[in-house]
Amino acid sequence: MTDRKEFRDLADPETARDAIASLDLTPDPERVALADARGRVLAERVDADIDVPGFDRASMDGYAVRARDTFGADETDPESLELAGTVHAGEEPDVEVTEGRAVEISTGAVMPPGADSVVMVERTDESEDGNSVAVRTAVAPGDNVMLAGADVAAGERALGPGTRLTAREIGLLSALGVDSVPVRGKPTVGIVSTGDELVRPGEEVDSAAGQIYDVNSYTVAAAVEEAGGEPTLYPHAGDDYDEMERILREAADECDLVLSSGSTSASAVDVIYQVIEERGELLLHGVAVKPGKPMLVGRLANSESAGESAYVGLPGYPVSALTIFRTFVAPAIRRAAEVPEPATATVEARMATEERYGEGRMRLMPVGLTETGPGESGDGDLLAYVVDKGSGATTSLVEADGVVSVPADTAYLAEGESVEVQLFSPDVRPPSVLGVGEDDPALARLLDALERPRYLSVGSRVGLRKLRDGVPDFVVTSGDSASDRQLDASELASYEREWGLVVPSGNPEEIAGLADLVDRDLRFVNRGSDSGLRTTLGETVADLADERGATRHDLVESIDGFELAAKAHESPARNVAAGRADAGLGLRTTAEKLGLGFVSVGTETVRVLANPDRTAKAGVRELDAALDDELDGILADLSGFER
């Protein structure tokens with residue numbers, strides 16, 4: 001029997017933060033071109049080598065004069081001065097201002113010798129012959145002139161270390177003639193996804209062999225950049241010790257921090273902790289937090305020096321990996337890069353439903369947000385509903401708006417209880433309208449006409465339950481369900497869709513209807529038990545059973561694959577297309593889209609029902625308008641759909 005590496009005593013979250021804070025991620029300073037310096041942090045003081053401006057210059061259009069020649073001039077008694085010439089911006093003056101003379105000058109031009117002030121053109125009148133100018137106001141020395149070094153003087157401290165370079169600072173550096181600046185380096189972060197099953201996006205994936213696309217490499221790399229680090233993706237490390245050691249050591253030689261994902265649990269094939277223990281130092285293995293218990297913190301020795309690189313092992317599931325990264329690792333990268341903490345992004349919300357929890361670990365609970373909309377009490381409330389598809393569900397990354405930290409000693413959160421939601425970014429906004437229910441191709445097209453909608457395909461049964469709980473703004477159901485008719489809801493629209501058996505092109509098995517599934521040895525793929533379409537199928541099977549004098553259970557038992565559930569409306573058809581089934585439950589429009597055959601069984605009704613308490617919400621009104629304006633055109637483009 002192979003030994004298993006069990007988790008050590010789980011560290012509390014604060015201990016994990018301290019362990020990561022003890023790692024040295026500080027990068028060496030570097031010099032970058034000014035064009036690439038935006039957002040970087042100065043590593044050293046920058047002093048001015050030149051005066052800015054480098055010459056006395058006119059700050060407006062007018063006439064350069066000696067101030068003393070204008071004393072006493074006013075509107076009723078102007079002073080007439082001889083016009084000696086003109087100076088334009090960007091040229092060296094070739095004329096001198098002496099007593100009783102003036103020089104026409106442009107904004108930004110070099111002040112000619114002898115002049116100490118500028119009279120604005122609006123307070124002068126040039127003679128018709130152009131030989132003189134009447135000055136109708138007196139000026140003092142320095143008026144309308146920016147002296148050399150008035151902005152920044154040579155030798156003056158221009159910017160100090162730690163300054164974050166924005167457009168303003170880059171403008172100043174440009175004025176100083178600086179073309180490159182010393183900045184604090186970005187922590188280099190090597191990213192290694194582990195697991196023999198991983199395939200990079202863009203390559204062919206063999207689902208039959210258990211292969212999956214690598215989500216973590218690109219997700220974590222983007223999060224590293226957001227935190228101020230410089231990510232580098234390394235090849236996948238399989239579950240072989242030697243290969244894992246080689247890649248981790250290569251990353252440690254080249255990066256300030258090595259982040260791996262996966263291979264952190266107690267499984268016998270998860271050997272990464274062995275590499276860290278034998279080639280470095282393992283500071284922590286396991287944190288009392290959900291999701292993300294299997295986290296590693298340690299150091300990896302460099303191959304080419306006596307130094308070492310920081311190491312953090314993230315869980316393999318994408319949601320867990322990103323949650324742990326944001327909570328524990330991103331703050332350390334920001335500190336090393338001297339990137340400020342992001343703007344506070346927390347909101348107060350009420351729990352939409354009760355949530356029970358009793359695992360004795362701090363829980364980082366992903367939640368979505370929705371606004372109840374205007375009502376009798378005012379503008380409405382912000383509700384938080386749990387997005388819990390499991391750590392392996394990547395859609396949780398986009399369906400959740402933030403995280404609620406639930407202390408380890410909290411047994412449950414009550415419906416309506418106030419919670420603080422840490423948003424994933426300050427830019428997060430609740431969806432304009434939240435819908436749940438049946439997966440339907442017409443609805444998918446309709447959502448494209450709305451601004452910022454969110455729709456959760458949970459099936460008719462779960463959708464109706466969530467509507468009863470008051471969570472969504474609307475629900476979509478299919479089938480002739482008594483429960484949705486009895487529900488207190490406002491019907492916005494309804495339409496019919498044709499359903500039946502999706503079969504291979506040409507219908508090689510010559511399937512004629514449901515009776516063939518019962519009587520013949522055919523492989524069938526069904527929809528999930530929460531699907532309204534599956535309910536419609538079950539009712540039709542029950543009718544067939546009545547005709548035969550049998551029970552529904554007897555017929556269901558005779559159908560090979562009746563309990564084989566597929567998630568979305570196209571999933572059974574895609575199983576048929578892949579040769580894994582002889583028939584699948586589906587829609588006519590799906591069969592035509594995929595180039596498959598179709599055996600019609602009947603039609604069912606799809607209903608769009610609004611939460612009666614949200615009909616005044618702007619997003620619901622927008623949905624209602626879209627149903628009026630767009631639905632008929634959408635149904636006309638889909639085979640088997642009609643009002």
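The structure under discussion appears in the preceding block.
Residues numbered from 1 in each chain as written. Predicted model: local features only at pLDDT ≥ 70, side-chain atom pairs only at ≥ 80, totals over all residues. Heavy atoms only, no water.

Scanning all chains against the criterion turns up 35 salt bridges. Between E438 and R497 there is a salt bridge, and its shortest N-O distance comes to 3.3 Å. Taken together, the residues span a long stretch of sequence, with E438 in the loop between β29 (433–437) and α8 (441–447) and R497 in strand β32 (residues 490–503) at a distance of 59 residues. Judged by its relative accessible area of 0%, E438 falls in the buried class. Since its relative accessible area comes to 0%, R497 is described here as buried. Between R497 and D440 there is a salt bridge, with the nearest N and O atoms lying 2.7 Å from each other. Residue R497 is located in strand β32, and its partner D440 is located in the loop between β29 and α8; the two are separated by 57 residues in the primary sequence. What you see here is one network of salt bridges that share partners, running through E75, R123, D125 and R136. (Salt bridge = Lys/Arg side-chain N within 4 Å of Asp/Glu carboxyl O. Helix = DSSP H or I, 4+ residues; strand = E, 2+ residues; numbered from the N terminus. Buried < 20%, exposed > 50% of the residue type's maximum accessible area, 1.4 Å probe, protein only.)

Quick look at the side chain of R607 now. One can find R607 in strand β36 (residues 597–610). Polar contacts involving the side chain of R607 include one to the main-chain carbonyl oxygen of G479, which spans 3.3 Å. (Polar contact = N/O pair within 3.5 Å; in protein donor to acceptor, adjacent residues only side chain to side chain.)

With that settled, the discussion passes to the sheet that holds strand β18 (residues 280–285). Pairing is mixed in the open sheet, where six strands are placed in the order β16-β13-β17-β21-β20-β18. Of all the strands in the sheet, just β16 (230–233) and β18 have a single pairing partner and so form its edges. Mean inter-strand twist for the sheet, computed between neighbouring axes without regard to direction, equals 20°. Looking at chain direction, strand β17 (residues 257–261) and strand β21 (residues 308–314) are connected through five bridges and run parallel. (Pairing = 2+ DSSP bridges. Axes fitted to C-alpha atoms, helices over the stretch in contact; angles between N-to-C directions.)

The next point concerns the pairing of strand β26 (residues 402–406). Among the five residues in β26, four count as buried, and that is most of the element. Pairing of strand β24 (residues 362–371) with β26 involves five bridges; the strand directions are antiparallel. Opposite L364, over in β26, you have S405 as the bridge partner. Across two bridges, β26 lies against strand β28 (residues 418–423) in antiparallel orientation.

With that out of the way, let us pick up the sheet that holds strand β8 (residues 124–126). Judged by pairing direction, the sheet is mixed, and its six strands sit side by side in the order β7-β4-β6-β5-β9-β8 without closing on themselves. At either margin of the open sheet sits one strand with a lone partner, and together these are β7 (117–120) and β8. On average, adjacent strands in this sheet sit at an angle of 40° to one another, irrespective of strand direction. Sheet topology places β8 next to strand β9 (residues 132–135); three bridges connect them, and they run antiparallel. The partner of E126 across the bridge, within β9, is V133.

Another aspect to go through is the side chain of E245. Inspection of the secondary structure puts E245 in helix α4 (residues 241–254). Filtering out sequence-adjacent residues up to four positions away, E245 remains in contact with V275 and R279. (Contact = heavy atoms within 4.5 Å.)

By themselves these figures say nothing about function.
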